[in-house]
Structure formats: structure tokens, C-alpha cells
Amino acid sequence: MENLKYAFFVGCTPKQSTPELMQSTLAIAQAFNIELVELVEATCCGASHMQDYDDFLSLVLNARNICYAEKRGLTIVTVCNTCQLNLATAKHRLDNDEKLRDRVNAKLKEVGLEYRGTSEIKHFLYALIDDFGIDAIASKVKNPLKDLYIAPFYGCHNIRPHEVHGSSNGNEDPYRPTSLDRLIVALGGHSVEYGHKNKCCGFHVELQAPKTANRISGSAMLDAIDNNADTMVTPCPLCHLRLDVQQKNISKEMGEDISIPILHMPQMVGLALGISPEKLGIKHNIAKIDFIK
Amino acid sequence: MKKYDTKKVNFKVFRYNKEIDRLPYYESYSFSVAQDEVILDILNKIKWEKDGSFSYRRSCRHGICGSCAIKVNNKPVLSCKERVFDLIDIFGYELVLEPQDIKQAIKDMVVDKERFWNKYSNVKPYLVGEIEAHPKLEYIISAQESDKLDEADYCIQCGNCFYACPSVQVNGDYIGPAAFVKAFRFNMDVRDNAKKERLDIVNQEGSGVWDCVKCYECAEACPKELSPIDKITKLHNQIFENNMAKDNVATRHAVGFKDSIKKHGFLDEGELVRYSEGNVGVLKHVPEAIHMFKNGKLIMPWQMPKSEKLDEIDKLIKISSTVKFK
Ligand code: SF4
Ligand code: SF4
Ligand code: FES
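Residues numbered from 1 in each chain as written. Chains lettered and ligands numbered in written order. Predicted model: local features only at pLDDT ≥ 70, side-chain atom pairs only at ≥ 80, totals over all residues. Heavy atoms only, no water.

1. Examining the overall build of chain B
And step 1. In terms of helices and strands, chain B carries 14 helices and seven strands.
And step 2. Against the compact-globule benchmark of 20 Å for 326 residues, chain B has a radius of gyration of 25 Å, which places it well outside the compact range.
And step 3. Projecting the C-alpha coordinates of chain B onto the three principal axes gives extents of approximately 70 × 65 × 50 Å.
And step 4. Looking at chain B as a whole, 53% of its 326 residues are labelled buried.
And step 5. Across chain B, the fraction of contacts at a sequence separation of at least 24, relative to all contacts at a separation of at least 6, is 66%. (Helix = DSSP H or I, 4+ residues; strand = E, 2+ residues; numbered from the N terminus. Rg over C-alpha atoms; globule rule 2.2 N^0.38 Å. Buried < 20%, exposed > 50% of the residue type's maximum accessible area, 1.4 Å probe, protein only. Contact = heavy atoms within 4.5 Å.)

And the structure:
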């Protein structure tokens, strides 16, 4: 197989609050010989908030982000569900509305760019599963996660709304997603079946409605714990910031102690590949990853 | 002729009669299902062939009255529209039929929708205008004007979005997606005069649009494909466009992105929290911040990453901005 190469849309958190996501992403990309070319010109995607304020501006900025991948002739890889949705939504709107595309291109032209719609946009999870391949992943496993019961937490923006994601997430069904479950099994782990796997973490109201956010994450975490999960895993750094960093506040709101290790998807893959915890940035995780000796 | 396809399916059905049962229970029924049968056919079969006391709502059988909405394996559906074969493709041969909200069940699939209707009536879900009591002519709006409703008038009040919404589930005050769709529908009507009043209602902290967690459950749940969350975004936009945005955590949170992108290309996470919460409010985040700092999850201002081509970004923001906040 020819080596895979993508335009890497890093986003904001991997360089700030989730350095462990950056480290583990790069570590497993290297182990799989996947080349990630950083989109150094890219801006923040607007994190699903900026469109509330100025929808057109947010669309123009994301169109610009995509332009730089088109210039390189590469598919974009994201490592955050919300970046994925914001870029994919911009693409979906521009590809299906010629008038809107013309309005956006009129702005882009003034900085010498043009949106053409030639680059796909994929979350790293689906680049691994659908492009690199689940069997290829399984064949590289050195430390099967065989004693671990892992609760997959998909996060909203990778699976909903399904028509925006289409084939870029392998046509995952939002009511019964399977990619993370299949990945866990390929790594030798047990995937935990529980009702909240495709539910929300509450991140986007964390500042203005912390009670709502904490109750939403709390219900999901309790569901995972009640179903005997040793750890949860998520492909989204925003879910991770909620579930990992906020465990104290969540416990307080729910009136019971909720503590469980939370892995980023690439950290889980890295552990199974036998990559050292240091290289996967495990020391940055707040909830202790108690199953690593 | 092609052989008529049938499949054997086990239905696990929520049963409960508030008047006599202490707790709900599940009953299993097996049927051989034909390829064109919908969930409503199954509900009918249970009632007609197995248990005459089984209760559910239905009326039009054509996806228009909105009364037959239930959940199948947690997926909100309109019973009269949802083919069983499509559900088998997703969930396999055991399907769990439940009412929209088991906590509000009265009898089997029938729920008490009082909360839904209360929220709905909150947003002035009717035309407020100077319309004669006995008009001689119709008050017609043009095709372009009706396009602006963005199909929001197709809502059949089935409640699927409302009962799928996690914010509704944990916050009793939250108005919820269906009522927001309705508020949007009348706000876009050129004949209506109550736009600002409606915006005032949906702009409230704790109950209004700012408490939407952006999960897109409502977009998936809507049988009319109205994408309630997109209408919610448009209500946010109307609040800014009409200069009604209050200076609070939620609005500053939305606005802060623009300033940060202008300065760095990226979002300055620490600064966004400080700006959104204000210098006093930010103090409540100190305990997490200390924890994050210890684990190397907070960077110092001078370490803030920057995008290349900041001049280009700045120019694009200048020429593409459509809204001002104060
Ligand atoms: S997107 Fe908002 S309104 Fe829709 S279901 Fe989620 S929280 Fe509720
Ligand atoms: S918006 Fe859609 S899901 Fe919500 S009540 Fe109306 S028709 Fe039903
Ligand atoms: S019976 Fe009227 S919508 Fe289904």
C-alpha cells in the first residue's frame, strides 16, 4: 500500500489544553507511516459558536481553511469532532449552494484564494479505520488490550447530522455507530455496550450552563461505570476536556463520586501498539490511567 | 413475480398503566413482518391480535398529524412512516418499542405531553398582526417571502426533537427545539409584528437558545427534516442583528472567537474563558486551572500558537464580517 498522506487540521486544543492528543496522534501516525502535513495557515473552526454570532464570516473562514488543503491536493484530517463538523458543514453548504459559494468566493478572491470543493474532510478515526484499514491496524498490535473493558464515547459531532458526514465517516448510523467498537476489538479489547455511547458530553454549554453540562456528562459516565467499564475512550478533545478535566465538578453535581480514566482514541491505539506512555502524553491526563503499570 | 419478502422480528414492548401498575415492564411479541410494513402496522397487530388493552396514539396514518411518534431502540420515529425493514438494517431482529419519554408515560406508548405544549405556548406560536376580523381578501405573501420560513411551517408538533433533546432532559426550564422552530417560523413571517417579543423570550438565560448544547439530536429526530438546531442558529443571529444580545457569558463566548482568531488565528482558550466569564467570574475556574496547569494543560500567553498569514486572516475578517456586537 502506498503511504497515506493528509493535510492535518490541528485545531486549537491540541496545542493548548490537550497536548497529549497532539503527541499521541503524531506517535501513531508515525507508527503507521501516515504522513500528516500541518495546515499552518489554518484558523480556528469557530467551534460551533462563531456561527451564532456571524454565520457568514464563520463560513468564509472555514472555506479558507479548506482552500489550503485543496492547494496541496490533499484530504483534510481533523482530530476533533467539532472541527470535523464545522469544516464538513462548510463544505456541505458550499458544494450544494452555488449562490452561496459565489458569495464566499468573492471574498476569498480578494486574498487570492478560491474554494473549489476538491478536498475531502475526514476525522482521523475514519482515516485509520476506512483508509488505513482495521486489519492493518490489528496486524500492528503488540500489546493487545485484552483485560480492558473500554466504553466507546463517540461524541455528537462525528456522527450527527448524518447527511453532512456521509461517506467521510463510513456512513456511520447515528443511532448505532460501530467504528470505535470495531477499533477496540481490533486492538484486542472488550467494547462496552451502553446506552450513552452516542450521546452528548455537554461541552458547548460548559461556561453558560455548567449544571446542564455536568448532568449530561455525569449521566453518560455513570452509564459507562454501571456497565463495568474500566475506561472510556473518545475521538474528541472537547469530550475529553469534559469527561477528564471536570470529574470533580461532575461528581459534585451528581452527588456521587465519579472517577474513571478517559483515553483519547490515539492514546488507546498507541498503548496497543506498544508505544510508551510518555510518547502518548499520558502524564497530561488528569484522571489517573490506573491500568498502566 | 418476485417473492414477497418477510422477516421474523421480536418486538420488546414497553407496557405500563399508570392507574394500576406500580412499575413498567416489557412484553415480547414476535411477528413475521413484510417489507412494506411500518411500525404502526405492528402496533395495530399487537392491539388487534394479542392484547386489546394495548394503547398508542395515531390518527392520520400519513405522517401529518404528528400523534404516532415513539422511540424504537432509542431512535425517535413516526410509527406510520418508519419501515420495519429499515430498522432491522440498523438494529437487527430485536426491536424495543418505547414511548417518547418513559417518565411521562400514562399508558403504554401514550405519554403526557403537557410539558411539551407548555413550552410551545410560551413563544407566542401564532401570528401577531393587524388583521381584520372579517377580511375581504386573503393576505397573500410572495413565494420569496415564504422561502424565508425555511420550511419551519412544516412542523407537525410530533415532539420527536423535544423528547430527544438532552438539554430538555436535564433542565426543566429549557424551551426546547420544537418551540424554537415555531418562534423562528413566526419571526420570519412578514405579516407578524411580535418579532422582538419572541426574541426576548428565546434570549433568556437558563431557558433560551443559549442553553442548547449543540448535540444535533433534534436534527436527526425530526421526521420532517427541519433541522431545528439550524433554526436555533438563526435565532442566535437575529438576536445579534437586532442588537438584543445581552452582555453575558454566553454572548461573549460566541463573540470572543472572532477577536481571538483575528489576533492569533487560533482560539486563545484561557483568554476566551476570562473574557466570557469576566475578571470575577473567571475565579470559579481557578481549581480546574490549577489542576490543568500542573498537568501541562495550560499554556502561557507568550506560548500561544499563531497561524501563518495573519494579515490575510485579518483582511478576510474585515471584508466578510456581517454583524457588530456593541
Ligand atoms: S441541538 Fe440543541 S435543541 Fe437540538 S437536541 Fe441538542 S440541545 Fe436540544
Ligand atoms: S420540529 Fe420536527 S421533530 Fe420537532 S416537533 Fe416539529 S416535526 Fe416534530
Ligand atoms: S398517524 Fe399521523 S403522523 Fe403518524
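2. A few points about the overall build of chain A
And step 1. When its secondary structure is counted, chain A shows 13 helices and eight strands.
And step 2. Here the C-alpha radius of gyration of chain A, 19 Å, is about what a compact globule of 293 residues would show, namely 19 Å.
And step 3. Considered along the principal axes of its C-alpha atoms, chain A spans approximately 55 × 45 × 30 Å.
And step 4. The buried share of chain A, taken over its 293 residues, is 65%.
And step 5. Element-wise, carbon and sulfur atoms account for 47% of the exposed surface of chain A, whose accessible area totals about 10300 Å².
And step 6. When the 31 positive and 35 negative side-chain charges of chain A are each reduced to one mean point, those points stand 3 Å apart. (Areas by Shrake-Rupley, 256 points an atom, 1.4 Å probe, with all protein chains shown as cover. Lys, Arg positive; Asp, Glu negative; His and termini not counted. Charge placed at Lys NZ, Arg CZ, Asp CG, Glu CD.)

3. Some remarks on the sheet that holds strand 8 (residues 262–264) of chain A
Residues and elements named next belong to chain A.
And step 1. Here four strands make up an open sheet; going across it, the order is 6-5-7-8 and the pairing parallel. What marks the edges here is a single partner per strand, and that holds for strand 6 (190–191) and strand 8.
And step 2. Where strand 5 (residues 149–152) and strand 7 (residues 231–234) come together, three bridges link them in parallel fashion. Looking at the pairing, A151 lines up with M232 of strand 7. (Pairing = 2+ DSSP bridges.)

4. A few points about the site of ligand 1
Residue and element names in this part refer to chain B.
And step 1. Around ligand 1 sit 13 residues, and of these C165, C212, V213, C215 and C218 come closest.
And step 2. Put simply, the parts of the chain that give the shell around ligand 1 at least two residues each are helix 9 (217–221) and helix 10 (228–241).
And step 3. Along the lines of polarity and charge, the residues of the shell around ligand 1 split into ten nonpolar, one polar and two charged. (Near = heavy atom within 4 Å. Nonpolar A, V, L, I, M, F, W, Y, C, P; charged D, E, K, R; others polar.)

5. Describing helix 2 (residues 84–91) of chain B
And step 1. For helix 2 of chain B, a buried count of six out of eight residues is recorded, marking the element as mostly surrounded by other parts of the structure.
And step 2. Residue G92(B) follows helix 2 of chain B closely and has a positive phi angle near 90 degrees.

6. Observations concerning the nonpolar core
What tends to happen in soluble globular proteins is that the nonpolar side chains get buried as a cluster.
And step 1. One finds I76(A), L108(A) and M232(A) to be the most contacted residues of the largest nonpolar core, which totals 65 residues.
And step 2. Only strand 1 (5–9), helix 3 (55–72), helix 4 (81–96), helix 5 (98–109), helix 10 (210–226) and helix 11 (237–245) of chain A together with helix 11 (249–264) and helix 14 (310–320) of chain B provide two or more residues apiece to this core.
And step 3. A per-element tally of this core places helix 3 of chain A first, with ten residues.
And step 4. Excluding anything up to four places from it in sequence, M232(A) contacts A151(A), F153(A), Y194(A), A220(A), M221(A), A224(A), L243(A), I260(A), P261(A), I262(A) and L263(A).
And step 5. Membership of the second largest hydrophobic core comes to 45 residues, among which are I28(A), A272(A), L280(A) and I289(A). (Core = buried A, V, L, I, M, F, W, Y, C linked by side-chain atoms within 4.5 Å.)

7. Regarding the sheet that holds strand 2 (residues 25–34) of chain B
All names here are of chain B.
And step 1. Pairing is mixed across the open sheet formed by five strands, whose spatial order is 2-1-5-3-4. Because the sheet does not close on itself, it has two edges, and the strands there are strand 2 and strand 4 (75–78). Strand-to-strand twist of the sheet, defined as the mean angle between neighbouring strand axes without regard to direction, takes the value 35 degrees.
And step 2. Bridge count for strand 3 (residues 69–72) against strand 5 (residues 94–98) is two bridges, and the pairing is antiparallel. (Axes fitted to C-alpha atoms, helices over the stretch in contact; angles between N-to-C directions.)

8. A closer look at the site of ligand 2
And step 1. Residues in close proximity to ligand 2 include C155(B), I156(B), Q157(B), C158(B), G159(B), N160(B), C161(B), A178(B), C222(B), P223(B), L226(B) and P228(B), which together make up its full environment.
And step 2. The residue makeup of the shell around ligand 2, split by class, is nine nonpolar, three polar and no charged.

9. Thoughts on the interface of chain A and chain B
And step 1. Opposite the 68 residues of chain A that make contact, chain B presents 64 residues.
And step 2. Across the chain A to chain B interface the summed buried area is about 6000 Å²; carbon plus sulfur atoms make up 61%.
And step 3. Here chain A is connected to chain B by five salt bridges.
And step 4. Of the charged contacts in the structure, one is a salt bridge between E20(A) and K297(B), with a shortest N-O distance of 2.8 Å.
And step 5. Joining chain A to chain B, the criterion identifies 30 residue pairs in polar contact (both at pLDDT 80 or more).
And step 6. Where the side of chain A that touches chain B is concerned, the elements lending two or more residues are helix 1 (19–31), helix 2 (50–53), helix 3, helix 5, helix 7 (156–159), helix 10, helix 11 and helix 12 (247–254) of chain A.
And step 7. Element by element, the count of residues in the side of chain A that touches chain B is highest for helix 3 of chain A, at seven residues.
And step 8. The residue makeup of the side of chain A that touches chain B, split by class, is 30 nonpolar, 21 polar and 17 charged. (Buried area = accessible area lost by both parts, 1.4 Å probe. Salt bridge = Lys/Arg side-chain N within 4 Å of Asp/Glu carboxyl O. Polar contact = N/O pair within 3.5 Å; in protein donor to acceptor, adjacent residues only side chain to side chain.)

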